Amino acid sequence: MNTITVARRLATAFGAVILVFLLVGGVALYSSAKLAEANKWNTHTYKVLTLGDEMLESMINMETGARGFLLGGRTVSSTPGTRASRFSTSPGTKSRR
């Protein structure tokens, strides 16, 4: 009738459980790696968006400073145009990182 011994059946069942355990562990490791990569891209995206907002604010400050110069005819070291010069001296170097 049945030629498979009890020990053989137990070993097969134990092997199947170990195989399922390794498969689940592998899927969990793969998912964890993908989640870490997605988190890095999410952080990068927010850094780029923040830099874009800072550049927009800087451009608005430069425009305000230029308008003040045209209307007043003199420059003051604390005008928005001079405070915004950190982006105007080297355009694009910060955004390429």
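Residue numbers here run from 1 along each chain, matching the order of that chain's written sequence. With the structure being a predicted model, the display of local features is reserved for residues of pLDDT at least 70 and the display and counting of side-chain atom pairs for 80 or more, all residues being used for whole-chain, interface and lining totals. The side-chain numbers reported here are obtained from all heavy atoms of the structure, hydrogens and water having been left aside.

Chemist: Just checking my understanding: could you explain the overall build of the protein for this structure?
Modeler: Tallying secondary structure elements over the protein gives three helices and zero strands in all. Areas reported as accessible are Shrake-Rupley estimates using a 1.4 Å probe. Residue values count occlusion only from the protein chains shown. Of the roughly 8,500 Å² of accessible surface on the protein, 66% is carried by carbon and sulfur atoms. Runs of E in the DSSP output that reach at least two residues are strands. Runs of H or I that reach at least four are helices, and both are numbered from the N terminus.

Chemist: Would you mind showing me how to read helix H1 (residues 6-72) here?
Modeler: Turn by turn, an α-helix covers 3.6 residues, leaving residues three or four places apart pointing in a common direction. Between the first and last residue of a helix there are one fewer steps than residues, each counted as 1.5 Å, and that sum is the expected span. Helix length check: H1, at 67 residues, gives a terminal C-alpha distance of 98 Å against a target of 99 Å (1.5 Å per residue), a fit within 8%. Think of it in three bands: residues with accessible area under 20% of the maximum for their type are buried, residues over 50% are exposed, and the middle band is partly exposed, with areas taken using a 1.4 Å probe on protein chains only. All of the buried residues in H1 are Leu51, Ser58 and Gly65. Phi turns positive, to about 80°, at glycine 73, one or two residues after H1.

Chemist: I would appreciate a short explanation of the UniProt feature "transmembrane region" (unreviewed entry) in the protein in the present structure.
Modeler: UniProt positions are given in the numbering used here, feature names are shortened, and annotations may be inferred rather than shown by experiment. Mapped onto this numbering, the UniProt entry gives "transmembrane region" (unreviewed entry) at residues 12-30. A helix fraction of 100% and a strand fraction of 0% characterise residues 12-30, whose end C-alpha atoms lie 27 Å from each other.

Chemist: What should I look at first to understand the UniProt feature "domain: CHASE3" (unreviewed entry) in the protein in this one?
Modeler: UniProt's feature table lists "domain: CHASE3" (unreviewed entry) at residues 38-73, given in the numbering used throughout. Across residues 38-73, the secondary structure splits into 97% helix and 0% strand, with the terminal C-alpha atoms separated by 51 Å.

Chemist: Explain a nonpolar patch on the surface here, please?
Modeler: A surface patch of nonpolar side chains, amounting to about 470 Å² of accessible area, comprises Phe14, Ile18, Phe21 and Leu22. On the basis of relative accessibility, which here comes to 36%, the residue isoleucine 18 falls in the partly exposed class. Patches here are clusters of residues that have more than 30% relative accessible area and form no salt bridge, with a 9 Å joining cutoff for like charges and a 5 Å cutoff for nonpolar side chains (Val, Leu, Ile, Met, Phe, Trp, Tyr). The term salt bridge refers to a side-chain nitrogen of Lys or Arg lying within 4 Å of a carboxyl oxygen of Asp or Glu.

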